Amino acid sequence: MTTHDTLGRDGHVLVLGGKTGHRVLRRLQARGVPARAASRSTAVPFDWNDRATWAPALAGLHAAYIAYVPDLAVPGAADTVAAFAEQAVAAGARRLVLLSGRGEDEAQRTEQLVAQAGAEWTVVRCSWFDQNFSEGFFVDGVRAGELALPVGDVPEPFVDLDDVADVAVAALTEDGHASEVYELTGPQLLRFDEAVAAIAAAAGHDIAFAPVPVDEFAAALRSSGEPEDVVWLTTYLFSEVLDGRNASLADGVQRALGRPPRSFADYARAVWGA
């Protein structure tokens, strides 16, 4: 694929989102692409729940990477992201890249709405990340030597966040990705206990995995002080999305980048290697 004329345009790429967003921003900056992040803590603040912050954050952009926090499954997220996409296009965005959720009805509805906003669009559709074990709420259990989650034998095609960021940056800066829906997975299906075993092997010490009932898990979240919306989202992801609907591999990384996805074992060795 050829590099798009991003560097020759006026404006910058606006980057939203946490775990993927900072990776996307770092890659864009390394390429010399004008880019800036926007969040509640940036110099020009951005808050999904405060639409007064949208226009200042959108000023001067020509493309946007959209990752809705906490998740597109949250009620109202689709309409909020659709309104943002329309405002971004009105502000000058010619290209939108959306991080979406694999197997989530509300996420797919969001994709359709973003595609109607009036700009070139690309969807980067994922489910569970490798880095949930090292940068998400799994990390404390992994470090403590026992991870307890409400999941059994359902396999998951964990995908590496670096692959996600590489695909997003390609879609933002190269021709050939418009109107594409890239489903991103790793190269193999793993149960959660198998993923934990791979981390233990890389780390060189035992890490136990304990399946627990979802109600017990939700109660533990509440007792640790997690707000009710976090409890709802977490239990939704485990009880509905993690029901086997995503237990298949996809070729999005290969199609977008021309290379295979990174394996979970490679991630485990790089992050948890003793």
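Numbering of residues starts from 1 in every chain and runs along the sequence as written. It should be noted that, the model being predicted, local features are given only for residues of pLDDT at least 70 and side-chain atom pairs only at 80 or more, the latter also being counted only at that level, while totals for whole chains, interfaces and linings use all residues. Hydrogens and water molecules were not included; the side-chain quantities draw on all heavy atoms of the structure.

A. Quick peek at the pairing of strand 6 (residues 146-149). Burial along strand 6 is one-sided: Leu147 and Leu149 are buried, and none of Glu146 and Ala148, which face the opposite way, are. When DSSP finds two or more bridges between two strands, those strands count as paired. Runs of H or I in DSSP of at least four residues are treated as helices and runs of E of at least two as strands, each being numbered from the N terminus. Judged from the 4 bridges that link them, strand 6 and strand 8 (residues 208-211) form a sheet pairing that is parallel. From the neighbouring strand, Ala148 faces strand 8, where its bridge partner is Ala210. Partly exposed residues are those whose accessible area sits between 20% and 50% of the maximum for their type, while under 20% is buried and over 50% is exposed, using a 1.4 Å probe and protein chains only.

B. Representation of the nonpolar core within the structure. For our purposes a nonpolar core is just a set of buried Ala, Val, Leu, Ile, Met, Phe, Trp, Tyr and Cys residues, chained together by side-chain atoms within 4.5 Å. Core analysis: the largest hydrophobic core is formed by 35 residues, its most contacted members being Phe133, Leu149, Phe192, Phe238 and Phe264. Residue assignment for this core shows that the elements contributing at least two residues are helix 5 (139-144), strand 6, helix 7 (192-203), helix 8 (214-223), helix 9 (228-241) and helix 11 (264-272). Counting residues per element, this core draws most heavily on helix 7, at 7 residues. Counting residues in each nonpolar core, the second largest holds 28 residues, with Ala35, Leu99, Ala168 and Tyr182 among its members.

C. The arrangement of the packing of helix 1 (residues 19-30) against helix 6 (residues 161-173) in detail. Lines fitted to C-alpha atoms define the axes here, with helix axes fitted over just the stretch in contact, and angles between the N-to-C directions of these axes take values from 0 to 180 degrees. Packing of helix 1 against helix 6 leaves a shortest axis separation of 9 Å and a crossing angle of 55°. Classified by the angle between their axes, helix 1 and helix 6 sit oblique to one another. For the element pair helix 1 and helix 6, the recorded crossing hand is right-handed. Together, Lys19, Thr20, Arg23, Val24, Arg27 and Leu28 of helix 1 and Leu161, Asp162, Val164, Ala165, Asp166, Ala168, Val169, Leu172 and Thr173 of helix 6 make up the contact between the two elements. Residues are grouped as follows: Ala, Val, Leu, Ile, Met, Phe, Trp, Tyr, Cys and Pro are nonpolar; Asp, Glu, Lys and Arg are charged; every other residue, Gly included, is polar. Residues of the contact of helix 1 with helix 6, tallied by class, amount to 8 nonpolar, 2 polar and 5 charged. The scheme is simple: roughly parallel for angles under 35 degrees, roughly antiparallel for over 145, roughly perpendicular for 65 to 115, oblique for anything else. Crossing chirality is assigned from the near helix's rotation relative to the far helix, an anticlockwise turn below a right angle marking it left-handed and a clockwise turn marking it right-handed. The criterion used for residue contact is that any of the two residues' heavy atoms lie within 4.5 Å.

D. Spatial organisation of the side chain of Glu104. Assignment of secondary structure puts Glu104 in the loop between strand 4 (95-101) and helix 4 (105-115). In this structure, Glu104 is buried with no salt-bridge partner, the nearest side chain bearing the opposite charge being Arg245 at 8.0 Å. Excluding its chain neighbours within four sequence positions, the residues that come into contact with Glu104 are Asp71, Leu72, Ala73, Tyr236, Leu237 and Val241. The sign given to each residue is positive for Lys and Arg and negative for Asp and Glu; His and the chain ends receive no count. Between Lys or Arg on one side and Asp or Glu on the other, a salt bridge is scored when a side-chain nitrogen of the former is within 4 Å of a carboxyl oxygen of the latter.

E. Focus on the environment of Ser134. Structurally, the position occupied by Ser134 is in the loop between strand 5 (120-126) and helix 5. Distance in space between the C-alpha atoms of Ser134 and Val271 is 7.7 Å, their sequence separation being 137 residues. Sequence-distant contacts of Ser134, defined by excluding residues within four places in its chain, comprise Val139, Tyr267, Val271 and Trp272. Here the side chain of Ser134 touches Tyr267 through a polar contact of 2.8 Å, side chain to side chain. Under the rule applied, a polar contact is a pair of N or O atoms within 3.5 Å (in protein, one hydrogen donor and one hydrogen acceptor; residues adjacent in sequence only if both atoms are side-chain atoms).

F. Quick look at the pattern of salt bridges. According to the stated counting rule, one finds 23 salt bridges in the structure shown. Here Arg125 ties to Glu183 by a salt bridge, and the two come within 2.7 Å at their closest N and O atoms. Here Arg125 is found in strand 5, whereas its partner Glu183 is found in strand 7 (residues 180-183), with 58 residues between them in sequence. Residue classification places Arg125 among the buried positions, given a relative accessible area of 13%. Between Arg222 and Glu228 there is a salt bridge whose closest N-O contact spans 2.8 Å. Classification of Glu228 by relative accessible area gives partly exposed; the value is 45%.

G. Spatial organisation of the confidence of the model for the protein chain. For the protein chain, per-residue confidence averages 93 on the pLDDT scale, and 96% of positions sit at 70 or higher. Across residues 1-8 the pLDDT falls below 50, and counting only partners more than four positions away or on other chains, this stretch makes 25 contacts in the model. Values of pLDDT, which run from 0 to 100, indicate the predictor's confidence residue by residue.

H. Main features of the sheet that holds strand 3 (residues 61-66). Here 6 strands make up an open sheet; going across it, the order is 2-1-3-4-5-7 and the pairing parallel. In this open sheet, the two edge strands, each paired with only one partner strand, are strand 2 (35-37) and strand 7. Across the sheet, the axes of successive neighbouring strands diverge by a mean angle of 15°, strand direction being ignored. One ladder, built from 4 bridges, connects strand 5 with strand 7; its direction is parallel. Looking across to strand 7, one finds that Thr122 is bridged to Glu180. Contacts between helix 6 and the sheet are confined to strand 1 (12-15), strand 3, strand 4, strand 5 and strand 7, with strand 4 contributing the most and set at about 155° to the helix.

I. Fine view of the packing of aromatic side chains. Stacked, tilted and edge-to-face pairs are distinguished by plane angle, under 30 degrees for stacked and over 60 for edge-to-face with tilted covering the rest, among Phe, Tyr and Trp rings (Trp via its six-membered ring) whose centres lie within 6.5 Å. Here the structure, examined in full by the defined rule, presents 25 aromatic pairs. Arranged with centres 5.5 Å apart and planes meeting at 85°, the rings of Trp54 and Phe84 form a pair that is edge-to-face. Here the residue Trp54 occupies a position in helix 2 (residues 54-58), and Phe84 occupies one in helix 3 (residues 77-90), the gap between them amounting to 30 residues. What makes Phe84 buried here is its relative accessible area of 0%. Plain terms: the ring middles of Phe158 and Phe192 are 5.1 Å apart, the flat faces sit at 75° to each other, and that makes the pair edge-to-face. Of this pair, Phe158 sits in the loop between strand 6 and helix 6 while Phe192 sits in helix 7, and the two are 34 residues apart along the sequence. Residues Phe158 and Phe192 agree in their burial class; the two are buried. Members of the aromatic cluster, connected to one another through ring pairs, are Trp128, Phe133, Phe137, Phe138, Phe158, Phe192, Phe217, Phe238, Phe264 and Tyr267.

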